[in-house]
Amino acid sequence: MVAKIDRVGETRVMNCGMKATIIRYGKYSDIDVRFEDGVIVEHKRYRAFENGNIANPNFNPRLGETKMMNCGMEATIIRYGGSADIDVRFEDGIVVEHREYREFEKGGIINPNIKATAENRLDETCMMNCGMKATIIRYNGVRDIDVRFEDGTVAEHKAYGPFKRGEIANPNIKTSAENCLGETRMMNCGMEATIIRYGGYKDIDVRFEDGTVVEHKGYSAFKRGEIANPNVKTFANRLDETRMMNCGMEATIIRYSRRDDIDVRFEDGTVIEHRQYNQFERGNIANPNFKASRLGETRMMKCGMKATIIRYGKYTDIDVRFEDGTIIEHRQYIQFKKGGIANPNFKASAENCLGETRMMNCGMEATIIRYNTGKDIDVRFEDETVVEHRGYGNFKTGGITHPLISLNNGSKDFHGFICKRGFIDEDRTLYECICKHCGLEDVLTPQEMMEHEKSEHGEGK
């Protein structure tokens, strides 16, 4: 029977930014961890640990949150004792203690040193949700102001808080199909939307630039850019998204507030805050602790030969030397990282490829048993399963899949095991699995599953 895996002492950085160490491993669905501040969290799943999804109950992501208060100054949370006990610091350095988080959310925390007067509020201008700018023309107090819209309309005896939030309406603005149809605005999801039907102020349809139509939304939401495209990723599934940056290091989103405010963690642990998602998409977030000094770096290319960087001008301009001496100039570093630089002098053939063995992404080794062309090879996995008519490039990158098990989809019956999605742990591929014969639940490699079937449920047992 397969020996129980013991992962006590394993350490990983959680998404909250703190390291956690396994201090008890009952089984893959029952572990205890200790955070670096001493907090212990019990009875979690190993997979959650692998993904960094175990939270420290003493760590609150609201620390550092900033919002505009109704007094007209931004405040930042500097201590979070609970939803009924927070301290904030205003941008002028004033600290206000022991307030409620809901006050903060509504902008209701007052800076005692701010004396709001006509002197510093007159002529202040904000965009209202109706789509027109309004300017303060009289300031009697925070609850009594008059504003003038850009069309000359005056709204009297309003509060300053709604003014800052854009909630003062222009009574003369009657939005209609005549002046709204065809109006286009950039939404917060990063795509433009155009009004194609105006049924009323609270009932419009818009078409995004990718052709997606969203119906029955409010015009004010359109003006604020708050209509979402259901085909565009939202913050909920952008957390943990990973992408290669142009500096050559992978970065993962660990906080997504909105499209223009994300935090990422590089693979060396460096955290960069308050960047834009489109920078992340283009790979344009830099790691300040990483200085590109890549001369001598070696990597296996998809053509099957190793290449070494011999000149690094910048990430878009490198030269490499293959192990046969061939030099390729003026390539991109990201091509090098992905193994995408080809050696024009290397022609893969049956003579030098037959018998070649490589680990596939599913966690099982495959060996070439027939080589017709670079686009037509057969391989045999270590459990004797044969897969035919695959590409040599896929073989070199580990991309040939076993018909019974998949890193992404697991399996319904792999040597007597039902497996969930797999994951990579250093140099091993592991699967959460259950033996169909004896009910064993554990996290095992494909090889351990095969050995279990052979030793526990083989012929004559």
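If you're wondering where the values come from, they're calculated on a predicted model, not measured in any experiment. (Residues numbered from 1 in each chain as written. Predicted model: local features only at pLDDT ≥ 70, side-chain atom pairs only at ≥ 80, totals over all residues. Heavy atoms only, no water.)

## A few points about the pattern of salt bridges
All told, the structure shown has 25 salt bridges when counted by the stated rule. As a salt-bridge pair, R79 and D85 come within 2.7 Å of each other at their nearest N and O atoms. Residue R79 is classed as partly exposed on the basis of its relative accessible area of 28%. Measuring nitrogen to oxygen at the nearest pair gives 2.6 Å for the salt bridge that ties R138 to D146. Under the relative-accessibility criterion, R138 is labelled partly exposed at 25%. Several salt bridges converge on common partners, so that one network encompasses E10, R12 and E50. (Salt bridge = Lys/Arg side-chain N within 4 Å of Asp/Glu carboxyl O. Buried < 20%, exposed > 50% of the residue type's maximum accessible area, 1.4 Å probe, protein only.)

## Re the nonpolar core
Formed by 25 residues in total, the largest nonpolar core has its most connected members in V379, F381, F395 and M449. Sequence-distant contacts of F381, defined by excluding residues within four places in its chain, comprise M360, C362, M364, E365, A366, V387, I400, T401 and H402. One finds C16, I31, V33 and L430 within the second-largest nonpolar core, a separate group that totals 18 residues. (Core = buried A, V, L, I, M, F, W, Y, C linked by side-chain atoms within 4.5 Å. Contact = heavy atoms within 4.5 Å.)

## So, the sheet that holds strand β18 (residues 250-258)
Hydrogen bonds along the backbone pair up the strands of a sheet, which may run parallel or antiparallel. With antiparallel pairing, the four strands of this open sheet are ordered in space as β17-β18-β19-β20. Bordering the open sheet on either side are β17 (242-244) and β20 (271-275), each of which pairs with just one other strand. Recorded for the sheet is a direction-independent mean angle of 30° between the axes of neighbouring strands. Here β17 runs beside β18; their pairing, made up of three bridges, is antiparallel. Bridge assignment links T242 to a residue of β18, and that residue is T252. (Pairing = 2+ DSSP bridges. Helix = DSSP H or I, 4+ residues; strand = E, 2+ residues; numbered from the N terminus. Axes fitted to C-alpha atoms, helices over the stretch in contact; angles between N-to-C directions.)

## A few points about the side chain of T445
Examined against the element boundaries, T445 turns out to sit in the loop between β32 (441-444) and α12 (446-457). The contacts of T445, once residues within four sequence positions are left out, are R428, T429 and L430.

## Comments concerning the confidence of the model for the protein chain
Summing up the model confidence of the protein chain, the mean pLDDT is 82 and the portion of residues at 70 or higher is 91%. Element-level pLDDT for the protein chain is lowest in helix α7 (residues 235-238), with a mean of 57, against a maximum mean of 93 in strand β27 (residues 376-381). (pLDDT = per-residue confidence, 0-100.)

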